[in-house]
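For reference, the chains in residue letters:
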Amino acid sequence: MTTVIRRASLSDLGMICRLRIQRTAWLTARGSDQWTVAGRGLPIEIFAGAVGRSLDAGETWIAEVAGEPVGTITVNDDADPGLWSPWELADAVVVHYMIVDLRFSGQRIGHRMLAHAASLARQRQRHWVRLDAWTTNTDLHDYYRGEGFHLVRIAGPIASGPSRALFQRRSDSWTFEPITSVLTRVPEPLPRV
């Protein structure tokens, strides 16, 4: 199965929101509060605004199989306050909002998107791929461990959000990258205003 990773456009926003709603319902059915308002997750309107800003900045990507969108990932240099230190962010790219369509679960779409994040890190001469995972979702922690990430720490009280489990993996540790990227040169992220 060939996975193509392409830069997302504003026309993908509705599909990305549908993936989030789909995954939130799936998580809720399994007893997780991840991404729910009750669990202090972003309401879908605020999530859409955050993703829209990432789309404008060119930070969001879509995984496709046979031309069909099957997942999304945002990769940038930002993190919520209190999670990563400035020096940790200076040598890393940060993964956000990685979601795989449930119909494609178990087909290593997430692995391929994480490998793409590592490729972006290497292009930017960054040594780490870092992410924050929902603190109480231990199944998600196990998934990232299975993808070669290790838990660095649970962020302290300065970090107030629900995703405080901090994971990282060296960007040069990926050896399997069966992806085709539509973009050959990655522009630097736009400055935040």
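Predicted model, so just to flag it, every value in this text is computed and none were measured. (Residues numbered from 1 in each chain as written. Predicted model: local features only at pLDDT ≥ 70, side-chain atom pairs only at ≥ 80, totals over all residues. Heavy atoms only, no water.)

Generally speaking, nonpolar side chains in soluble globular proteins are found buried as a group. With 44 residues, the main nonpolar core has Ile73, Val129 and Tyr144 as its most contacted residues. It is helix α4 (residues 109-123) that provides the largest number of residues to this core, a total of eight residues. Those residues within four positions of valine 129 in sequence are excluded, and the remaining contacts are Val93, Val95, Ala117, Ala118, Ala121, Phe149, Phe167, Gln168, Arg169, Ser171 and Trp174. (Core = buried A, V, L, I, M, F, W, Y, C linked by side-chain atoms within 4.5 Å. Buried < 20%, exposed > 50% of the residue type's maximum accessible area, 1.4 Å probe, protein only. Helix = DSSP H or I, 4+ residues; strand = E, 2+ residues; numbered from the N terminus. Contact = heavy atoms within 4.5 Å.)

Once that is clear, we can look at the packing of helix α1 (residues 13-29) against helix α2 (residues 44-56). As a packed pair, α1 and α2 sit with axes 10 Å apart at the nearest point and diverge in direction by 135°. As far as their axial angle goes, α2 and α1 are oblique. Handedness of the crossing formed by α1 with α2: right-handed. Contacts from Leu13, Ile16, Cys17, Arg20 and Ile21 in α1 reach Ile44, Phe47, Ala48, Val51, Gly52 and Leu55 in α2. Of the residues assigned to the contact of α1 with α2, the class counts are nine nonpolar, one polar and one charged. (Axes fitted to C-alpha atoms, helices over the stretch in contact; angles between N-to-C directions. Parallel < 35°, antiparallel > 145°, perpendicular 65-115°, else oblique. Left-handed = near helix turned anticlockwise from the far one by under 90°. Nonpolar A, V, L, I, M, F, W, Y, C, P; charged D, E, K, R; others polar.)

Within this structure, the stated rule accounts for nine salt bridges. Note that arginine 103 and glutamate 68 form a salt bridge whose closest N and O atoms lie 2.6 Å from each other. A residue pair is termed long-range when its members are at least 10 positions apart, and arginine 103 in the loop between β4 (92-100) and α4 and glutamate 68 in strand β3 (residues 68-76) qualify at 35 residues. Here glutamate 68 falls in the partly exposed class, since its relative accessible area comes to 29%. The partner of aspartate 142 in a salt bridge is arginine 145, and the shortest N-O contact between them spans 3.4 Å. On the criterion of helical spacing, the pair formed by aspartate 142 and arginine 145 is a turn pair, its members being three residues apart in helix α5 (residues 138-146). Owing to a relative accessible area of 40%, arginine 145 belongs among the partly exposed residues under this scheme. Within the structure, one salt-bridge network assembled from shared partners comprises Arg6, Asp12 and Glu64. (Salt bridge = Lys/Arg side-chain N within 4 Å of Asp/Glu carboxyl O.)

Moving on, we come to the side chain of arginine 169. Tracing the backbone shows arginine 169 in strand β7 (residues 165-170). Polar side-chain contacts of arginine 169 include one of 2.7 Å to the side chain of serine 173. Beyond its immediate sequence surroundings of up to four residues, arginine 169 is in contact with His127, Trp128, Val129, Glu147, Gly148, Phe149 and Trp174. (Polar contact = N/O pair within 3.5 Å; in protein donor to acceptor, adjacent residues only side chain to side chain.)

End to end, α4 covers 21 Å across 15 residues, agreeing with the expected 21 Å (1.5 Å per residue, within 8%). Where α4 terminates, the next one or two residues include glutamine 125, which has phi positive at roughly 55°. (Expected span 1.5 Å × (residues − 1).)

Averaged over every residue, the pLDDT of the chain is 91; the share at 70 or more is 91%. Contacts of residues 177-193 to residues separated by more than four positions or lying in other chains number 37 contacts, the stretch itself having pLDDT below 50. (pLDDT = per-residue confidence, 0-100.)

This part is about the pairing of strand β5 (residues 128-133). For β5, the buried fraction is high: six of the six residues fall into the buried class. The alternating pattern of β5 places Trp128, Arg130 and Asp132 on one face and Val129, Leu131 and Ala133 on the opposite face, and all of these are buried. With four bridges joining them, β4 and β5 adopt parallel strand pairing. Looking at β5, one finds that valine 93 is bridged to valine 129. The handedness of the β4 to β5 crossover, carried by α4, is right-handed. In terms of strand pairing, β5 meets β7 through six bridges, oriented antiparallel. (Pairing = 2+ DSSP bridges. Right-handed = clockwise from strand over helix to strand, strands pointing away.)

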